[in-house]
Amino acid sequence: MGTTRQCVYLTLVLIGIVPAVTYGAPTCAGSLPSGCRCATDRDIAAGLPAGKPVCSADVQATNADASGEAKQYLKSLIQGGRCGPYQTSVEQLNPQFAICAARFLKDATAREPRLRIVSAFRSAQHQAYLCGGGCGQVNGPCAAAGQSKHQQGIALDLTTGTYILPASLKQMARGYGLHFPVRNDSGHMEPVPGANCA
């Protein structure tokens, strides 16, 4: 049991909200502490124990760890990413999006090893510079500064070395809660609205 969960559980036992369990931890049989639920398959895959309650502090800690690992992996896939004085970054990506993207890209690069990230998070200044032609001709539409999904931390631009991504990769992305919604910007990937993969 993780240290945070142990502390929460022991506190709940001490103040009488949760009865002590002989084996040292509550199970999903019976009532659960407020704010807790039984571990789902996704929780178990993320490293939380099966058959035990999962509380919001556990999920937040696990997602923070997963997000950090995801961003490290995504960083390893950046090819170039410089536009004039600006460098793209994965550090400011939305944590859930980073986890979804890393899961997809780990499987996708097994099929297509040339797959790389050419752009991730962009600041408003970076976006304005790009749209103003500071990095050369833009291949697709260019959202105005303040309107780009890149600035929101929920977009990546991908390439396999050619402008058009294979349709098989785009289809595969849907299974990870991701899609390529911009018709004339083939490699622009975003989360599917309402999808929750992390």
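Details of the structure are given in the entry above.
So, here is what we can say about the structure in this document. Quick caveat, the model's predicted, so the values are computed rather than measured. (Residues numbered from 1 in each chain as written. Predicted model: local features only at pLDDT ≥ 70, side-chain atom pairs only at ≥ 80, totals over all residues. Heavy atoms only, no water.)

**Overview of the nonpolar core**
Then comes step 1: Judged by nonpolar contacts, the single largest core of 29 residues is most densely connected at Leu74, Phe104, Leu105, Leu156, Leu158 and Met189.
Then comes step 2: Excluding residues that lie within four positions of it along the chain, Leu74 makes contacts with Val90, Leu93, Ala98, Ala101, Ala102, Leu105, Ile117 and Leu156. (Core = buried A, V, L, I, M, F, W, Y, C linked by side-chain atoms within 4.5 Å. Buried < 20%, exposed > 50% of the residue type's maximum accessible area, 1.4 Å probe, protein only. Contact = heavy atoms within 4.5 Å.)

**Observations regarding the state of the cysteines**
Then comes step 1: Taken as a whole and assessed by the stated rule, the structure comprises two disulfides.
Then comes step 2: Across the disulfide, Cys83 is cross-linked to Cys135 (sulfur-sulfur distance 1.4 Å). The chirality of the disulfide connecting Cys83 with Cys135 is right-handed, given an S-S dihedral of about 95°. Here Cys83 is found in strand E3 (residues 82–83), whereas its partner Cys135 is found in the loop between helix H5 (124–131) and strand E6 (156–159), with 52 residues between them in sequence.
Then comes step 3: With its sulfur 1.9 Å from that of its partner, Cys131 forms a disulfide with Cys142. Measuring the twist about the S-S bond at about -90°, one finds the Cys131-Cys142 disulfide to be left-handed. (Disulfide = S-S within 2.5 Å. Helix = DSSP H or I, 4+ residues; strand = E, 2+ residues; numbered from the N terminus.)

**Observations concerning the pattern of salt bridges**
Then comes step 1: Tallied over the entire structure, the rule returns two salt bridges.
Then comes step 2: Ionic pairing is found between Arg114 and Glu112, a salt bridge with its closest N-O pair at 2.9 Å.
Then comes step 3: Arg122 serves as the salt-bridge partner of Asp157, at 3.5 Å between the closest nitrogen and oxygen. With Asp157 in strand E6 and Arg122 in the loop between strand E5 (116–119) and H5, the pair connects residues that are 35 residues apart, well separated along the chain. In this pair, the class of Asp157 matches that of Arg122, namely buried. (Salt bridge = Lys/Arg side-chain N within 4 Å of Asp/Glu carboxyl O.)

**With respect to helix H4 (residues 95–111)**
An α-helical turn contains 3.6 residues, so any two residues separated by three or four positions project in the same direction.
Then comes step 1: A rise of 1.5 Å per residue sets the reference length of H4, with its 17 residues, at 24 Å; its end C-alpha atoms lie 25 Å apart and thus fit the reference within 8%.
Then comes step 2: Listing the buried residues of H4 in full gives Phe97, Ala98, Ile99, Cys100, Ala101, Ala102, Phe104, Leu105, Ala108 and Thr109.
Then comes step 3: Structurally, the start of H4 carries an N-cap: the backbone nitrogen of Gln96 is 2.9 Å from a side-chain oxygen of Asn94. (Expected span 1.5 Å × (residues − 1). Polar contact = N/O pair within 3.5 Å; in protein donor to acceptor, adjacent residues only side chain to side chain.)

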